[in-house]
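# Summary of structural features
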Amino acid sequence: MMIWCFQTVLLFIAHLVLSDWAPADPPTQNSFFYSDYLNESGNNELHFIGMKLHVDSAEPSVLSIRGGNATLQCRFWYEPVPSLPREVRVKWSWLPAAGGQETDVIVAFGTRFRSFGDFRGRVQLRQDFPGDAALVLNKLWLNDTGRYRCTVVDGLEDQSTVVHLELQGVVFPYQHPRGRYHLSFLGAQQACKEQDSTVATVTQLFQSWKEGMNWCNAGWLADGTVQYPITQPRERCGGARLAPGVRRYDRLHLYPNHYDVFCFSSLLQGRVYYLQSSHKMNLTEAQHACQEDGAEIAKVGQLYSAWKFTGLDSCDAGWLADGSVRYPITRPRSNCGPSEPGVRSFGFPPPQHKHGVYCYKLDTERV
């Protein structure tokens, strides 16, 4: 019995000595900035070993035009600088200005990339220098506005930066042919689309208010809210004692309510002109006259865009595609309506009435 106890003690002492003298397990390096170590309890722990990934944009906000191109800046770098280049995954995603879900635009790993959805074939990474992850968008659409996120992923770490894209354009109020407050939210979206425009965002309406837009009728915006811009407060427009601003209704259910809509249009890829004719025409004759001139009857958004960007000015009222009669004034003068510039409207007269017509001709060299 004493011999067995003595042997047990010797074995225990030997185990203690060997465990102290035995070399520790070497740390296992991964492909990133971390190393795996065994802690005192025998569990793996990750330890940061000093390299930091940075992502930034030199231009957090970009302004462009419909049909144009835009470059959204994004670059990444490390501190300290690694001795060898590192392969990273770059992802750009997009949150529409109207809100909704953030969706992927492009994902790239080295020289390989994949674009998604409506951006397919219109986007690419610039990659002009090491760390350059700028996104190049071509042939911009009206609905491309919003927040773009550049995310760089290297192993366990990812960093991101945000760039906002906005388009130069013009916001205009639009009513249903039956008059004031006949548009549901879905109807408002369709109405703007038919007039070569899209439903305006809150940012776009606010910018128009800053430029002097004053409109008392409430209209849908892209996020489903109903608002209207007031520069000259008055009793029937929310009250004369309220300060100027963009007035907002409480958030409404999108479907049962009806209002007007604020549409947004941008630069055209063609030109709008008043068709010179020896006689006035009804709506059907006006449509045919534009077709015979190699064009089509202009839409409301196109007329507003031509007024805003090319200075279209004509005191002659003409048919438009929606059956309304309007004319653009950039140089107010007597016998041409109010003293402020704008697009004047005669509403939606009976289609058999006689008027001139505004046509739109696409510039094929710009498409």
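The text that follows walks through the structure, step by step, so that each part is easy to find. In this text the structure is predicted, and so the values were computed from the model without any measurement. (Residues numbered from 1 in each chain as written. Predicted model: local features only at pLDDT ≥ 70, side-chain atom pairs only at ≥ 80, totals over all residues. Heavy atoms only, no water.)

## A word on the sheet that holds strand β11 (residues 123–125)
- The three strands lie next to each other as β6-β12-β11, forming an open sheet whose pairing is antiparallel. Each of the sheet's edge strands pairs with one partner strand only, and the pair in question is β6 (70–72) and β11. Across the sheet, the axes of successive neighbouring strands diverge by a mean angle of 20°, strand direction being ignored.
- Looking at chain direction, β11 and strand β12 (residues 135–137) are connected through three bridges and run antiparallel. Counted as the bridge partner of V123 is L137 from β12. (Pairing = 2+ DSSP bridges. Helix = DSSP H or I, 4+ residues; strand = E, 2+ residues; numbered from the N terminus. Axes fitted to C-alpha atoms, helices over the stretch in contact; angles between N-to-C directions.)

## What about the state of the cysteines?
- The final tally for this structure, using the stated rule, is five disulfides.
- Across a sulfur-sulfur distance of 1.8 Å, C216 and C237 are joined as a disulfide pair. Residues C216 and C237 share a disulfide whose torsion about the S-S bond is about -125°; that sign makes it left-handed. Of the two residues, C216 sits in the loop between α3 (202–210) and β17 (219–220) while C237 sits in the loop between β18 (226–230) and β19 (245–248), which places them 21 residues apart along the sequence.
- Relative accessible area serves as the criterion here: at 21%, C216 is assigned to the partly exposed category.
- Relative accessible area serves as the criterion here: at 4%, C237 is assigned to the buried category.
- Each sulfur of the disulfide joining C290 and C359 lies 2.0 Å from the other. On the S-S bond that ties C290 to C359, the torsion sits near -80°, and the link is left-handed. Of the two residues, C290 sits in helix α4 (residues 283–292) while C359 sits in strand β26 (residues 356–362), which places them 69 residues apart along the sequence.
- For C290, a relative accessible area of 0% puts it in the buried group.
- Taking the relative accessible area as the measure of exposure, C359 reaches 0% and is therefore buried. (Disulfide = S-S within 2.5 Å. Buried < 20%, exposed > 50% of the residue type's maximum accessible area, 1.4 Å probe, protein only.)

## Comments concerning the sheet that holds strand β10 (residues 112–115)
- If you trace the six strands from one edge of the open sheet to the other, you get β5-β14-β13-β8-β9-β10, paired in mixed fashion. The open sheet terminates on both sides in strands that have one partner only, identified here as β5 (61–64) and β10. Each neighbouring strand pair of the sheet contributes to a mean axis angle of 20°, computed without reference to strand direction.

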